[in-house]
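Results of the structural survey
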Amino acid sequence: MSESTKSNHTSFLEYKGKYRGILGWILSTDHKRIGLLYLYTMLVFFSVAAILGLLMKIQLIAPGHTIMGPATYNAMFTMHGIIMIFIIVVPGLPAVFGNFFLPLMIGAKDVAFPKLNLASWWIYVIGILIVLTSQFLGDGPPDTGWTFYAPYSFQTPANIVPALVGAFVLGFSSILTGINFVVTIHRLRTPGMTWFKMPLFPWTLYATAWIQILATPVIGITLLLTVMERTLGVGIFDPALGGDPILYQHLFWIYSHPAVYIMILPGLGVISEIIPVFSRKRIFGYKAIVLSSLAIAFVGYFVWGHHMFTSGMSGRALFAFSFLTFLVAIPSAVKVFNWVATMYKGSLIFQTPFFWAVSFIFVFMIGGFSGLTLGSLATNVHLHDTHFVVAHFHFIVFGGTGFSFLAAIHYWFPKMFGRMFDASWANIGWVVFFAGFLTLYLPMFSLGIMGMPRRYYDYLPEFHAANILSSLGAMLMIAGAMIIIVNLVRSARYGKKTNEKNPWGGKTLEWQADTPPTLENWEEIPEVTEKPYEY
Amino acid sequence: MEKNAEHTHVHRDDEGDKLGMWLFIFTELLLFGMLFLIYAVYRYRNPVAFQLGGEEVDVFIGTLNTVLLLVSSATVAMSISAIQKGLKKHALVFLGITLLIALVFLVNKYFEWGAKIEYGFYPGGEALLELGHGTILFFGLYYVMTGIHALHILIGIGLFIYVFQQIRADKIHSTDYIWLENTGLYWHLVDIIWIFLFPLFYLIH
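Every value quoted in this text rests on a predicted model; they were computed, and no experiment measured them.

The rules behind the values
Residues numbered from 1 in each chain as written. Chains lettered and ligands numbered in written order. Predicted model: local features only at pLDDT ≥ 70, side-chain atom pairs only at ≥ 80, totals over all residues. Heavy atoms only, no water. Helix = DSSP H or I, 4+ residues; strand = E, 2+ residues; numbered from the N terminus. Buried < 20%, exposed > 50% of the residue type's maximum accessible area, 1.4 Å probe, protein only. Contact = heavy atoms within 4.5 Å. Lys, Arg positive; Asp, Glu negative; His and termini not counted. Charge placed at Lys NZ, Arg CZ, Asp CG, Glu CD. Polar contact = N/O pair within 3.5 Å; in protein donor to acceptor, adjacent residues only side chain to side chain. Core = buried A, V, L, I, M, F, W, Y, C linked by side-chain atoms within 4.5 Å. Phe/Tyr/Trp six-rings, centres within 6.5 Å; stacked < 30°, edge-to-face > 60°. Lys NZ or Arg CZ within 6 Å of the ring centre and 35° of its normal. Salt bridge = Lys/Arg side-chain N within 4 Å of Asp/Glu carboxyl O. Buried area = accessible area lost by both parts, 1.4 Å probe. Axes fitted to C-alpha atoms, helices over the stretch in contact; angles between N-to-C directions. Parallel < 35°, antiparallel > 145°, perpendicular 65-115°, else oblique. Left-handed = near helix turned anticlockwise from the far one by under 90°. Nonpolar A, V, L, I, M, F, W, Y, C, P; charged D, E, K, R; others polar.

Concerning the overall build of chain B
Scanning chain B for helices and strands turns up seven helices and zero strands. A principal-axis box enclosing the C-alpha atoms of chain B has dimensions of 65 × 30 × 25 Å. For chain B, buried positions account for 50% of its 205 residues. Within chain B, counting contacts between residues at least 6 apart in sequence, those at least 24 apart form 81% of the total. A gap of 8 Å separates the mean positions of the 12 positive and 18 negative side-chain charges of chain B.

Side note on the side chain of B:Asp13
Along the polypeptide, B:Asp13 turns up in the segment before helix 1 (14-45). According to the relative accessible area criterion, B:Asp13 is buried, its value standing at 14%. At 2.8 Å, the side chain of B:Asp13 forms a polar contact with the side chain of A:Arg187. A polar atom in the side chain of B:Asp13 sits 3.0 Å from the backbone nitrogen of B:Gly16.

Let's talk about the nonpolar core
The biggest cluster of nonpolar side chains holds 250 residues, and the ones touching the most others in it are A:Phe97, A:Trp412 and B:Phe201. No other element matches the 21 residues that helix 9 (residues 245-279) of chain A contributes to this core. Excluding its chain neighbours within four sequence positions, the residues that come into contact with B:Phe201 are B:Tyr39, B:Gly54, B:Val57, B:Phe138, B:Leu141, B:Tyr142 and B:Met145.

Describing the packing of aromatic side chains
Residue and element names in this part refer to chain A. Applying the stated criterion to the full structure yields 74 aromatic pairs over all chains. Ring plane angle 55° and centroid distance 6.3 Å describe the contact between Tyr-301 and Phe-302, whose orientation is recorded as tilted. Here Arg-189 stacks its cationic end above the ring of Trp-195, 4.2 Å away from the centre of that ring. Above the face of the Phe-196 ring, Lys-287 is positioned so that its terminal group lies 4.7 Å from the ring centre.

Some thoughts on the pattern of salt bridges
Residues and elements named next belong to chain B. A full pass over the atoms with the stated rule returns 11 salt bridges over all chains. Asp-170 serves as the salt-bridge partner of Lys-88, at 3.4 Å between the closest nitrogen and oxygen. Taken together, the residues Lys-88 in helix 4 (residues 88-118) and Asp-170 in the loop between helix 6 (133-168) and helix 7 (178-203) connect sequence positions 82 residues apart. Lys-109 is paired through a salt bridge with Glu-112; the nearest N and O atoms lie 3.7 Å apart. Residue Lys-109 and its partner Glu-112 are located together in helix 4, separated by three residues, close to a single helical turn. Residue Lys-109 is classed as buried on the basis of its relative accessible area of 4%.

Digging into the interface of chain B and chain A
Counting residues at the interface gives 39 residues for chain B and 48 residues for chain A. At the boundary of chain B with chain A, total buried surface from both sides reaches about 3,500 Å², with 69% on carbon and sulfur atoms. Our count for the contact surface shared by chain B and chain A stands at two salt bridges. The partner of B:Arg45 in a salt bridge is A:Asp244, with the nearest N and O atoms 2.8 Å apart.

Some points on the packing of helix 9 of chain A against helix 12 (residues 352-375) of chain A
Packed helix pairs are specified by the crossing angle of their axes together with the interaxial distance, meaning the distance between the axes. Residue and element names in this part refer to chain A. Two elements in contact, helix 9 and helix 12, have axes whose closest approach is 9 Å; the angle formed by their N-to-C orientations is 130°. Overall, the two elements helix 9 and helix 12 adopt an arrangement that is oblique. You can see that helix 9 and helix 12 cross each other, and the crossing is left-handed. The segment helix 9 lies against helix 12, with Ile-264, Leu-268, Ile-271, Ile-274, Ile-275, Phe-278 and Ser-279 engaging Pro-353, Phe-354, Ala-357, Phe-360, Ile-361 and Phe-364. Of the residues contributing to the contact of helix 9 with helix 12, the split by class is 12 nonpolar, one polar and no charged.

Listed below in structure tokens is the structure:
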């Protein structure tokens, strides 16, 4: 008893549980420790995949063979994609910040199923290990791209099966996290926190969790069928046996399009948290943001066909998918409008999280508009499978999810570690990264319009100038990323200690908990009487 | 419950646990839903081959297994009712019957599949590859869909054994039986998926 009362007052970083040392972390069912486990795992693999990306950009600095040949290049963009998609951005914000802050923001002591939560992380790690074996065992690393398109994925001699199985296992982890969050939000909100008094980040996690539950099994079965195609030859996607490879594309995108909303929705939630705090103003159109999150999650299910405009589809289907794609842009635009309206006449506070949030809006809008360009039928035929797609995708997924991830980590850093990050280095990192990001990806739009296809290690001489610019941008951006990461890691260890509960002046519940939070978050469960963001 | 210094409060929420199980069932339905979708596409494209394929499968074993699963769904429900009333012995007997039926289902499946595999009727098998594309797809789907369903039966058996032990050790009793209830829910899911697989592969000619 005396030990348990004592542990109520020490921070979650320091308490001694049943296990000591590293076991106290990898066997902990505390949602905060699990969130940090995900963070550290992602940091390692993000670094690996970012270096792969940099190597590809160095290869593309001049036409022809500079540092690698076509086979290596194919293996690299495949691995870059698999790691970035399945290991980083799909679990991404929910696994790290959802785990850490969802219970804090709704006034709960933990998620609904703490053991299942820990199991999710273990399944995640096992999935990663299985994916990694594809690199070192068998007949060479996968070279299909992260999309594993049929029929190449069961014709290539490369070692595809572990990559497919690993992605399947990672999906399982994602589903379990989704189930956990939906139940947590339904059952564990603190007294007084009605649905429309819930902060916006939990709302976006809620929408995301439903996509995780309802879309992930689709990719699961598709990947399993591809495994069976390779090992048994069941024929479902194999044209030689009567199967249809286009059906593979449909099933793949029925998951993988909603998956980009898994990636981006929590990011939109983070920005909706940061903007009102740093504008000292009530969020504009709270309900519109909530409903647009749910609308994105819902309409996002029905737009997958826009990945396949050139694959062969009936004209009617083309029009329907194009129309729905335009439709899904509306709720995203509603959010951008609301953020800008929140900042309007607010008392803006210019600090690192706010810089990230505002630059997020900038890159998210470029990403969104280029998405409409790809979503309209006529332009799509010209731009399909060019560098324009690569640029659009990275503006949304890296610009969207990546920037909001960095916004989130700077925003919540003091709460997570009980220390302050070095603000001047953080701001320098942001400037360098932002400049590098734009230099890297903006030239890709014009390269795509000029007709440079993606996924080739080589290109025609007329594309040279823009590629040099883009490759230099990649180096600049990696330099920025290194400044940011080194600064954060250093600050987490040696930064100025702070026990201040609410350094930014936030109104949501997590800022009422101790810094860093104690094991069970609250001595007394907080009660909620008013809406969040009442400034 | 093992003593865990990390969590000093005992959190129990049966409603939440049941909600979690339902969400998992939604996931499963989407997974099988995609297989049904694939079946629909290929049946639409190969109506004759699918009709002939349906005449090749063993309707007797299929029907027998359907009856068995329906009965087992009833017995697992009876086991839940028994535990609610505190009748531990009855609960164990009904759960035991369910477990037994699940095993018999798999034995039947073994003989059903075995007879076909013997004649080379399996994906990649010579006898099957000689036939048309539609037939290859029919049997490809037959093995994949009933195979994944059989895997769920196997997981169900594992759950039954675990729950059986827990009831015997009085960890599951009349006031705390959510594990049994959720296992029952899972089993009904396995049952209802079979209710759709059965006509698609065995009855529609």
